[in-house]
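# Chains, contacts and geometry: an overview
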Amino acid sequence: PLRPEVREQLEKRGAEEGRIGDMVSWPIDMLHKGDVYVADSYGKIEDGPIIGDNLGTAIASKSGNGVVINGTVRDLEGLIQIPGFTSFIRGSHPSYQREMMLTGINVPIRIGQVTVMPGDIVLGKFDGVIFIPPHLAEKVVQTGELVELRDQFGHLRLREGKYTPEQIDGRWNSDIEKDFSKWLEVHINELSVPKEEIQKLLKERTW
């Protein structure tokens, strides 16, 4: 929320750093390919949208990605039409941002119940957004690949009626684990996870 005397000092600092235009565009000017624009506008609705389809187009052209905003946007119909512009937002409102100020760029912010750091990996899903610290990214990917394989196998066996929902949804016994390993070997060239990763997984298994 705006504190006029603070914003005045922030704008002076921005001018000294060569920033142009309203401070809402300063982070956008800094984007590079692969970046994700993440902003905390503290959920403000009326007079809260910090981007519309103009700034959205600039974000998409610079980063090749969309946005994660703890707040609202405007021009939703226009934003939806931007190719590849995936947005995770709190909502939309036809007003524009007023009585607000930008206090930091590439600083820790809060999105929902988590602290987001510059450089975090952003994983957007239908039911929400996950922020992954870079040093955990490889472990998350490997674990996710294993879960994906187990789900593919489990869904197949449920459709076949070979196992009960309780057996698949609970902790697998040794017979199911052996069946899973054999299934991996037989279908190694057909699965969504790279063959090399499956071979590594099979080597690590004791079944």
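Our structure is the block above this text.
Now for a look at the structure at hand. Please read all numbers here as calculations on a predicted model, not as lab measurements. (Residues numbered from 1 in each chain as written. Predicted model: local features only at pLDDT ≥ 70, side-chain atom pairs only at ≥ 80, totals over all residues. Heavy atoms only, no water.)

Once that is clear, we can look at the overall build of the chain. Of the regular secondary structure elements, the chain holds eight helices and nine strands. Relative to a compact globule of 207 residues, whose C-alpha radius of gyration would be 17 Å, the chain shows 23 Å and is clearly more extended. Viewed in the frame of its principal axes, the chain has a C-alpha envelope of about 70 × 30 × 30 Å. As displayed, the chain offers around 13,300 Å² of accessible surface, 52% of which is attributable to carbon and sulfur atoms. Side chains of the chain carry 25 positive and 32 negative charges; the gap between the two charge centres is 4 Å. (Helix = DSSP H or I, 4+ residues; strand = E, 2+ residues; numbered from the N terminus. Rg over C-alpha atoms; globule rule 2.2 N^0.38 Å. Areas by Shrake-Rupley, 256 points an atom, 1.4 Å probe, with all protein chains shown as cover. Lys, Arg positive; Asp, Glu negative; His and termini not counted. Charge placed at Lys NZ, Arg CZ, Asp CG, Glu CD.)

Turning our eyes to something else, we now look at the environment of F131. Within the secondary structure, F131 sits in strand β9 (residues 128-132). A relative accessible area of 14% means that F131 is categorised as buried. For the pair F131 and E190, spaced 59 residues apart in sequence, the C-alpha to C-alpha distance is 30 Å. (Buried < 20%, exposed > 50% of the residue type's maximum accessible area, 1.4 Å probe, protein only.)

What follows concerns the sheet that holds strand β1 (residues 37-40). Reading across the sheet, the three strands line up as β1-β2-β4 and stay open at both edges, with parallel pairing between neighbours. Every interior strand has two partners, whereas the edge strands, β1 and β4 (87-88), have only one. Relative to β4, strand β2 (residues 67-70) runs parallel, the two sharing two bridges. Directly across from V68, in β4, lies its bridge partner F88. (Pairing = 2+ DSSP bridges.)

Let us look at the nonpolar core. Residues Y37, I50, I51, I59, V67, I69 and F85 are the most contacted members of the largest nonpolar core, which totals 16 residues. Looking at this core, the elements with two or more residues in it are β1, α3 (53-63) and β2. Sequence-distant contacts of I50, that is, excluding residues within four places in its chain, are made with V24, Y37, A39, S41, L55, I69, T72, Q97 and M100. In terms of nonpolar packing, the next biggest core, distinct from the first, is built from 14 residues, I168, W172, F180 and L201 among them. (Core = buried A, V, L, I, M, F, W, Y, C linked by side-chain atoms within 4.5 Å. Contact = heavy atoms within 4.5 Å.)

As a further point, take the pairing of strand β8 (residues 121-125). Looking at chain direction, β8 and β9 are connected through five bridges and run antiparallel. Counterpart to K125 in the pairing with β9 is G128. Between the end of β8 and the start of β9, which pair antiparallel, lie two residues.

This part takes up the environment of G91. Looking at the secondary structure, you find G91 in strand β5 (residues 91-92). Considering only alpha carbons, one finds G91 and P108, 17 residues apart in sequence, at a separation of 23 Å.

Right, let's get into the layout of surface pockets. The volume enclosed by the largest pocket comes to roughly 970 Å³. Considering the residues around the largest pocket, the lining is formed by 35 residues, among which V38, A39, G104, N106 and I109 are closest to the centre. Broken down by element, the residue count for the lining of the largest pocket peaks at four residues, all from β1. Taken together, the residues that form the lining of the largest pocket break down as 23 nonpolar, seven polar and five charged. (1 Å grid on protein atoms, 1.4 Å probe; cavity = no way out; pocket = protein on both sides within 12 Å on 5 of 7 lines; lining within 4 Å. Points joined across faces, edges and corners; volume = space filled by probe spheres on them. Nonpolar A, V, L, I, M, F, W, Y, C, P; charged D, E, K, R; others polar.)

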